Amino acid sequence: MVTDSGKPALDMQYSKIETAITPGTATPLAILGGTPAFKEKLHVGRPNIGDRARLSQRIDEILDCRWLTNNGPYVQEFEKRIAEMIGVKHCIAMCNATVALELAIRALDLSGEVILPSFTFVATAHALQWQQITPVFCDIDPSTYNINPREIEHLITPRTSGILAVHLWGRPCPIAELQAIADRHRLSLLFDAAHAFGCRYGGRMLGGFGNAEILSFHATKFINSGEGGAVVTNDDELAAKIRLMRNFGFSDYDTVTHIGINGKMTELSAAVGLTNLESIADFTNTNRANFEHYRIHLAGLTGIDLITYDERENPNYQYVVCRINSTKAGLSRDQFADLLHAENILARRYFYPGVHRMEPYRSLYPHARFLLPNTEAVAKQVLVLPTGTSVTADDIETICRIIRYAVENCDRVAGVLKATQRK
Ligand code: T4K
């Protein structure tokens, strides 16, 4: 049906609502039938891309010398640069961080049960379960979102062989407390540092703590190699074992001295990683500026708290995370997610619903949710917003304007969202 003005009736209906709820704003909300704020989807995790000319040069060299993988010169250079930067003895580059986790777990002979947070990406738990090790989920500290050391000791049993902690969003775990617990109970201590490349703890770079730490260079990470990961450690024996395991256990052309898999990083990945590493200062500065923009433009909004970083920890600011108090903001985290997605702003609910609520863990450990009150609460409250070198200051202002508008008109916005709300 078309109206006298030639506009479809539905549009008329929406524009009436818009006028009613957006007087004087230039930002009609897309959920009300307005045009999405962004034509193209704005992603969380858009890759940072370093100097393309330098990358092309490296790729040409790789093709010219026809050495594509199997511990080639670029992989060795990448490992050397990372080890130097972090200040660790060994960096063993891998095809991704999940395989790096699996190999570190296996090389440390972990078995039985390992304690880890549930509030993480599912790969942290999969790396254990994949090897028939029981992941024992520990609650997080609600003020840091990292594993709570005060909750660990009562989870330790005679079957416990280690602790696998995660420096969530790049904010370091309480390493000293974790190391003390590990020492007291003779447990291995591993860190999933997938988010924490370049960050510090107590003046030292993350990567050199515990028995080993695992880095990710996935496309979505602050420094990427397309796909990629690494184990970093100061333990010579562990490093030697992981190097063997990464390459089927080959110690020579036809000598296999250990069980292994194929965990190798390719030369092309290493070239991407090395090139991006050369732009680390630019990426950090952009992320920091983006974070500041969000901070300024969301300031004073009731119920919306940006998770902050401590400059002394040299944060990489790769995640911009809002914690939403639905009572104060008048809208739930999921309502914000729906609202932003309609604007083509693909904010993410990392790490909803908590690994313990994903399969196979949900079925294997159905009681876990009763033991994880903080994880359960936080997983429903946090929303990760786009950042990185593909996001501009104008983009951030637009995103914040939409969030501010939604908070300031929460009753009316909630009414419209109700019909489409997630279950
Ligand atoms: N431990 C922790 C704590 C982790 O967070 C991760 C990975 C791991 C271990 C395992 O590391 P890796 O084995 O992956 O090295 C993404 C990443 O795939 C994953 O690496 C990352 N954590 C996790 C936090 O985020 P998804 O399922 O959200 O991915 P996806 O495909 O939805 O991509 C995220 C967004 O990025 C999309 O909106 C699109 C955008 N994107 C993605 C890619 C790949 C691009 O714009 N370009 C791209 O090339 O897991």
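So, here is what we can say about the structure in this document. In every chain, residue numbers begin from 1 and rise along the written sequence. Restriction of local features to residues with pLDDT of at least 70 applies here, the model being predicted, together with a cutoff of 80 or more for giving and counting side-chain atom pairs; totals for whole chains, interfaces and linings are based on all residues. Excluding hydrogens and water, the side-chain values take into account all heavy atoms of the structure.

1. A word on the nonpolar core
Selection criterion: Buried residues of nine kinds, namely Ala, Val, Leu, Ile, Met, Phe, Trp, Tyr and Cys, make up a nonpolar core once their side-chain atoms join them within 4.5 Å. Summary of the burial criterion: residues with accessible area below 20% of their type's maximum are buried, those above 50% are exposed, and those between are partly exposed, where the area comes from a 1.4 Å probe applied to protein chains only. A run of DSSP states H or I qualifies as a helix once it reaches four residues; a run of E qualifies as a strand once it reaches two. Both are numbered from the N-terminal end. Whether two residues are in contact is decided by their heavy atoms, any of which lying within 4.5 Å being enough.
Counting residues in hydrophobic clusters, the biggest one holds 55 residues, and the most contacted among them are Phe119, Trp169, Leu298, Ile304, Phe336 and Ile403. Within the residue set of this core, elements represented by two or more residues are helix H9 (280-298), strand E13 (304-306), strand E14 (320-324), helix H11 (333-342), helix H13 (373-379), strand E16 (382-385), helix H14 (393-408) and helix H15 (410-418). With eight residues, H14 is the largest single contributor of residues to this core. In contact with Leu298, not counting residues within four places along its chain, are Ile304, Leu306, Cys322, Leu385, Cys400, Ile403 and Arg404. Ranked by size, the runner-up nonpolar core spans 47 residues in total, among them Ala83, Ala93, Met205 and Ala270.

2. Points about the sheet that holds E16
Filter applied, for reference: By this definition, two strands are paired if DSSP reports at least two bridges between them. Helix axes use the C-alpha atoms of the stretch in contact, all axes being lines fitted to C-alpha atoms, and the angles between their N-to-C directions lie in the range 0 to 180 degrees.
With antiparallel pairing, the three strands of this open sheet are ordered in space as E13-E14-E16. Here the strands that pair on one side only, and so sit at the sheet edges, are E13 and E16. Taking the axes of each pair of neighbouring strands and ignoring which way they run, one obtains an average angle of 30° across the sheet. When E13 meets E14, the two strands line up antiparallel, connected through three bridges. In the sheet register, Asp305 faces E14, and the bridge partner there is Arg323. Packing of H9 onto the sheet brings it into contact with E13, E14 and E16, and relative to E13 it is tilted by some 155°. Contacts from H11 reach E13, E14 and E16 within the one sheet, and its direction differs from that of E16 by about 25°.

3. A word on the packing of H11 against H14
What counts, and what does not: Between 65 and 115 degrees an angle is taken as roughly perpendicular, under 35 as roughly parallel, over 145 as roughly antiparallel, and anywhere else as oblique. Two helices crossing with the near one rotated counterclockwise from the far one by less than a right angle form a left-handed crossing, whereas a clockwise rotation gives a right-handed crossing. In the scheme used here, Gly and all other residues not listed as nonpolar or charged are polar, with Ala, Val, Leu, Ile, Met, Phe, Trp, Tyr, Cys and Pro taken as nonpolar and Asp, Glu, Lys and Arg as charged.
Contact geometry of H11 with H14 gives a least axis separation of 11 Å together with a crossing angle of 130°. Taken together, the axis directions place H11 and H14 in an arrangement best described as oblique. Crossing of H11 against H14: the hand is right-handed. Contacts from Phe336, Leu339 and Leu340 in H11 reach Ile402, Ile403, Ala406 and Val407 in H14. Of the residues assigned to the contact of H11 with H14, the class counts are seven nonpolar, no polar and no charged.

4. Section: a nonpolar patch on the surface
Selection rule: Residues with no salt bridge and a relative accessible area higher than 30% make up the patches, which join like charges within 9 Å and nonpolar side chains (Val, Leu, Ile, Met, Phe, Trp, Tyr) within 5 Å. Shrake-Rupley sampling with a 1.4 Å probe provides the accessible areas, and residues are treated as covered by the protein chains on show and by no other component. For this analysis, a salt bridge means a side-chain nitrogen from Lys or Arg found within 4 Å of a carboxyl oxygen belonging to Asp or Glu.
Judged by side-chain polarity, Phe248, Phe250 and Val256 come together as a nonpolar surface patch covering roughly 250 Å² of accessible area. Looking at the secondary structure, you find Phe248 in the loop between helix H7 (236-246) and strand E11 (250-252).

5. As for the sheet that holds strand E6 (residues 188-192)
The seven strands are arranged E2-E10-E9-E6-E5-E3-E4 in an open sheet whose pairing can be described as mixed. Unpaired on one side and paired on the other, strand E2 (90-94) and strand E4 (134-138) mark the two borders of the sheet. For this sheet, the mean angle separating the axes of adjacent strands, direction not counted, is 25°. When strand E3 (residues 113-117) meets strand E5 (residues 160-166), the two strands line up parallel, connected through three bridges.

6. Quick notes on the pattern of salt bridges
All chains considered together, the criterion is met by 18 salt bridges. Of the charged contacts, one joins Glu113 and Arg159 as a salt bridge, the two residues approaching to 3.3 Å between their closest N and O atoms. Residue Glu113 is located in strand E3, and its partner Arg159 is located in the loop between E4 and E5; the two are separated by 46 residues in the primary sequence. Given the relative accessible area of 13%, Glu113 is considered buried. By relative accessible area, Arg159 is classed as partly exposed at 45%. Between Asp310 and Arg312 there is a salt bridge whose closest N-O contact spans 2.6 Å. By relative accessible area, Arg312 is classed as exposed at 68%.

7. Some remarks on the site of the ligand
Note the threshold: Any residue with a non-hydrogen atom lying within 4 Å of a molecule or strand is treated as near it. Here a polar contact is recorded for every N or O atom pair within 3.5 Å, except that within protein the pair must consist of a potential hydrogen donor and a potential acceptor, and residues adjacent in sequence are included only if both atoms are side-chain atoms.
By nearness alone, 26 residues border the ligand, and Arg46, Thr98, Asp192, His195 and Tyr350 come closest of all. At a separation of 3.4 Å, an oxygen atom of the ligand approaches a polar backbone atom of Gly45. Take Thr98: an N or O atom from its side chain is 2.6 Å from an oxygen atom of the ligand. Taking 920 Å² as the accessible area of the ligand by itself, protein coverage stands at 77%. For the shell around the ligand, the residue count by class is 11 nonpolar, 11 polar and four charged.

8. Quick notes on helix H3 (residues 73-86)
Here is the rule we go by: By this rule, a helix spans an expected 1.5 Å times one less than how many residues it contains. Summarising the geometry, the arc corresponds to the directions from the helix axis toward the C-beta atoms.
The terminal C-alpha atoms of H3, which comprises 14 residues, lie 20 Å apart, in line with the 20 Å expected from a rise of 1.5 Å per residue. For H3, every residue scored as buried is listed here: Tyr74, Val75, Phe78, Glu79, Ile82, Ala83 and Ile86. Summarising the axial view, the buried residues of H3 lie within an arc of 165°, below the 170-degree limit, and thus occupy one face. Along H3, the residues that are exposed and aim more than 90 degrees away from the buried face are Lys80 and Glu84.

9. Digging into the packing of aromatic side chains
The geometry of an aromatic ring pair is captured by two quantities: the separation of the ring centres and the angle between the planes. Note the following rule: Pairing of aromatic rings covers Phe, Tyr and the six-membered ring of Trp, with a centre-to-centre limit of 6.5 Å; geometry is then stacked below 30 degrees between planes, edge-to-face above 60, and tilted otherwise.
Inspection of the entire model under this criterion finds 15 aromatic pairs. For the ring pair Phe78 and Phe217, a centre distance of 5.1 Å and an interplane angle of 65° mean the geometry is edge-to-face. Placement of Phe78 in helix H3 and of Phe217 in the loop between strand E9 (212-216) and strand E10 (229-233) is noted, with a sequence separation of 139 residues between them. Take Phe78 and Phe217: they sit in the same class, and that class is buried. Consider the rings of Phe121 and Phe351, whose centres lie 6.3 Å apart with planes at 65°: the pair is edge-to-face. Here Phe351 lies in the loop between strand E15 (345-346) and helix H12 (361-364) and Phe121 lies in the loop between E3 and helix H5 (123-129), a separation of 230 residues in the sequence. With relative accessibility at 6%, the residue Phe351 sits in the buried group.

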